[in-house]
Amino acid sequence: MTVEFALPAALEAHEPPEARGRARDGVRLLVSRRATGEVSHHGFRDLPSLLEPGDLLVVNTSATLPAAVRLDRISVHFSTPVPGGDDRLWIVELRRRAGKADRPYSGGRCGEWIPMPGGATLTLVRRHASGRDGPSPRESDRLWEARLSTDVVPYLRGHGTPIRYGYVRQDWPVAAYQTAFAHDRAAGGAEMPSAGRPFTPELVTRLVSGGVLIAPITLHTGVASPEAHEPPYAERYEVPEATAALVGHVRSRGGRVIAVGTTAVRALETSVDASGRVRASAGWTEHVVTPERGVRAVDGLLTGLHEPKSSHLMMLTAIAGPGLLAATYESALAERYLWHEFGDANLILPG
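Throughout this document, residue positions are counted from 1 along each chain, in the order its sequence is written. Residue-level local features of this predicted model are given only where pLDDT is at least 70; pairs of side-chain atoms are given and counted only at 80 or more, and the full residue set underlies all totals for whole chains, interfaces and linings. Hydrogen atoms and water are omitted, and side-chain values are computed over all heavy atoms in the structure.

**Q** Can you help me understand the overall build of the protein chain in this one?
**A** Helix and strand labels come from DSSP, where a helix needs a run of H or I of at least four residues and a strand needs a run of E of at least two; each type is numbered from the N terminus. Of the regular secondary structure elements, the protein chain holds seven helices and 18 strands. Computation of the radius of gyration draws on C-alpha atoms alone. For the globule rule, the value is 2.2 Å times the number of residues to the power 0.38. In terms of overall dimensions, the protein chain is globule-like: its C-alpha atoms have a radius of gyration of 20 Å, near the 20 Å expected for 351 residues. Long-range pairs, those at least 24 residues apart, make up 71% of the contacts in the protein chain with a sequence separation of at least 6. Taken as a whole, the protein chain presents about 15000 Å² of accessible surface, with 50% of it coming from carbon and sulfur. None of His or the chain ends enter the tally, which takes Lys and Arg as positive and Asp and Glu as negative. Taken as the charge centre is NZ of Lys, CZ of Arg, CG of Asp or CD of Glu, depending on the residue. For the protein chain, the separation between the mean place of its 39 positive charges and that of its 39 negative charges on side chains is 2 Å. Should any heavy atoms of two residues lie within 4.5 Å, those residues are considered in contact. To be clear on the numbers: accessible area is Shrake-Rupley with a 1.4 Å probe, and residue cover counts the displayed protein chains and nothing else.

If you want it as structure tokens, here you go:
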């Protein structure tokens, strides 16, 4: 069961808050508390006063790639390398261009090659199928495994632009899609881990000065394609040894582990062992958090506001519970919070 609602177009954030005359940390923060069912309204700069000394924020260090390459009639969205493949074989989404927007393009055929800017070519190898090695692989009708004639990441840095969807009305530089935690050696995300965007160095300093701990994971997000509402497919992640140890230390002392973003939840929940402890791990995860599975590694979540029918709402239901999540989204709509990667934020706390 997930919350159902209609999102008015007026509540879609069309540009970064800086373009609306606000700082990154000038967005609003809706706080939801499981223990009481209370929903309250704050500014993101209030975050240090809402957390407690000893709380642990787990943040995603993934740096966003300029992962869209535009041609005359289509755009190619580079998502993630094919698991087990080489650096030039990537999962891509083809999208038909229509004015300033684009839509998924279901055309293409195996073996077709597409001329790319800069003299490169992209060859469509096969339709992507999640769980290809399992008993019932699911073939995608929008994703291809495709080989570029040159190394992908350097090519994107020279010819790509950040992925944006129709609700974002113009291009913004790749710097607008990097968080304060992004590390260049962790470049690889097709889309921004947007829950970390409102953090500024000054706010991080206030948090640390108040005794809040911060630990990194890395999870490179693939293309979301908001029209598809599909569960996430395999994504690259790493939970370092130091982060796993710190999660265990905080939980053993009764502290709260709060994931910054659904990507951090996915990485941590992938790394929980049979005894319930988070262990260092790295590789590819297809773990999907659902209300039935629940969560074992996190106590709270700082995230954005997610679209109707988004698979992320299953994760939020697992963390908040259906009643509190419905109250949260009802309040967000009534108070005209802004959605999407440049919008406002939601903090779900246990109490």
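**Q** I'm lost on the side chain of E191 in this one. Help?
**A** Residue placement: E191 occurs in the loop between β12 (187–189) and α3 (201–209). Buried residues are those whose accessible area, probed at 1.4 Å on protein chains only, stays under 20% of the maximum for their type, while exposed residues exceed 50% and partly exposed ones sit between those limits. Salt bridge criterion: a side-chain nitrogen from Lys or Arg within 4 Å of a carboxyl oxygen from Asp or Glu. Here E191 is buried and forms no salt bridge, its nearest opposite-charge partner R142 lying at an N-O distance of 7.6 Å.

**Q** Even after reading the chapter, I still don't get the pattern of salt bridges, so can you show me in this structure?
**A** Tallied over the entire structure, the rule returns 17 salt bridges. As a salt-bridge pair, R147 and D86 come within 2.6 Å of each other at their nearest N and O atoms. In this pair, R147 sits in strand β11 (residues 138–148) while D86 sits in the loop between β6 (74–81) and β7 (89–98), placing the two residues 61 residues apart along the sequence. Put simply, R266 and E235 hold a salt bridge, and the shortest N to O gap is 2.5 Å. Residue R266 is located in helix α5 (residues 262–270), and its partner E235 is located in strand β14 (residues 235–239); the two are separated by 31 residues in the primary sequence. Taken as a pair, R266 and E235 share a single burial class, namely buried. Each of E18, R24 and R197 takes part in a single network of salt bridges with overlapping partners.

Purely geometric stuff here, so don't read any function into it on its own.
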